[in-house]
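Analysis of the macromolecular model
Spelled out from the first residue to the last, the chains are:
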Amino acid sequence: MTRHPIDQRPSYHRERNHSLGELIKFLGELPIRGRKFRVELNQSSFAEGAREVHIQNEEFRLSVPETEFLRMAACVLLAAKHLRLIKEKGTGAE
């Protein structure tokens, strides 16, 4: 079981053989302004909660429900696509 150092929980937080907040899968690293952030899929911090995505490094941690992370990721991808289209139109007009 892998846990983030600030995310230690007492042993009574158990659910179906999985610890709350337990790492399910390392999704990758995200570089932002020269800093690397780990992106992880984790069990919920709450007994009946949704799985969580943690974006974190030694100084920062963002925890969002998996469904909300997927919505945010879709918005970022769509915005990147729109920006590429705008730049392509601008390049052809010059």
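Everything quoted here is computed from the prediction, not taken from an experiment. (Residues numbered from 1 in each chain as written. Predicted model: local features only at pLDDT ≥ 70, side-chain atom pairs only at ≥ 80, totals over all residues. Heavy atoms only, no water.)

Some points on the environment of Pro 65
Put simply, the rule reads: Going along the chain from the N terminus, every DSSP run of H or I of four or more residues is numbered as a helix, and every run of E of two or more is numbered as a strand. The criterion used for residue contact is that any of the two residues' heavy atoms lie within 4.5 Å.
With respect to the helices, strands and loops of the structure, Pro 65 is situated in strand β6 (residues 61-65). If sequence neighbours within four positions are ignored, Pro 65 has contacts with Arg 51 and Glu 52.

Some details on the packing of aromatic side chains
How we decide: To pair, rings of Phe, Tyr and Trp, with the six-membered ring standing in for Trp, must have centres within 6.5 Å; the planes then decide the type, stacked if under 30 degrees apart, edge-to-face if over 60, and tilted in the middle. Partly exposed residues are those whose accessible area sits between 20% and 50% of the maximum for their type, while under 20% is buried and over 50% is exposed, using a 1.4 Å probe and protein chains only.
Counted under the stated rule, the structure contains 1 aromatic pair. With centroids separated by 6.0 Å and ring planes inclined at 85 degrees, the aromatic side chains of Phe 37 and Phe 60 adopt a geometry described as edge-to-face. Of this pair, Phe 37 sits in strand β4 (residues 35-42) while Phe 60 is found in the loop between β5 (52-56) and β6, placing the two residues 23 residues apart along the sequence. Residue class for Phe 37 comes out buried when judged on its relative accessible area of 10%. Residue Phe 60 is classed as partly exposed on the basis of its relative accessible area, which comes to 43%.

Notes on the sheet that holds strand β3 (residues 23-32)
Inclusion rule: Criterion used throughout: strands pair if DSSP finds at least two bridges between them. Between N-to-C directions, angles cover 0 to 180 degrees, with each direction set by a line fitted to C-alpha atoms, over the stretch in contact for helices.
On the basis of which strands lie adjacent, the open sheet formed by 4 strands has the order β3-β4-β5-β6 and antiparallel pairing. Only two strands of the sheet have a single partner each, and these edge strands are β3 and β6. Between one strand axis and the next, the sheet turns by 20 degrees as a mean value, whatever way the strands run.

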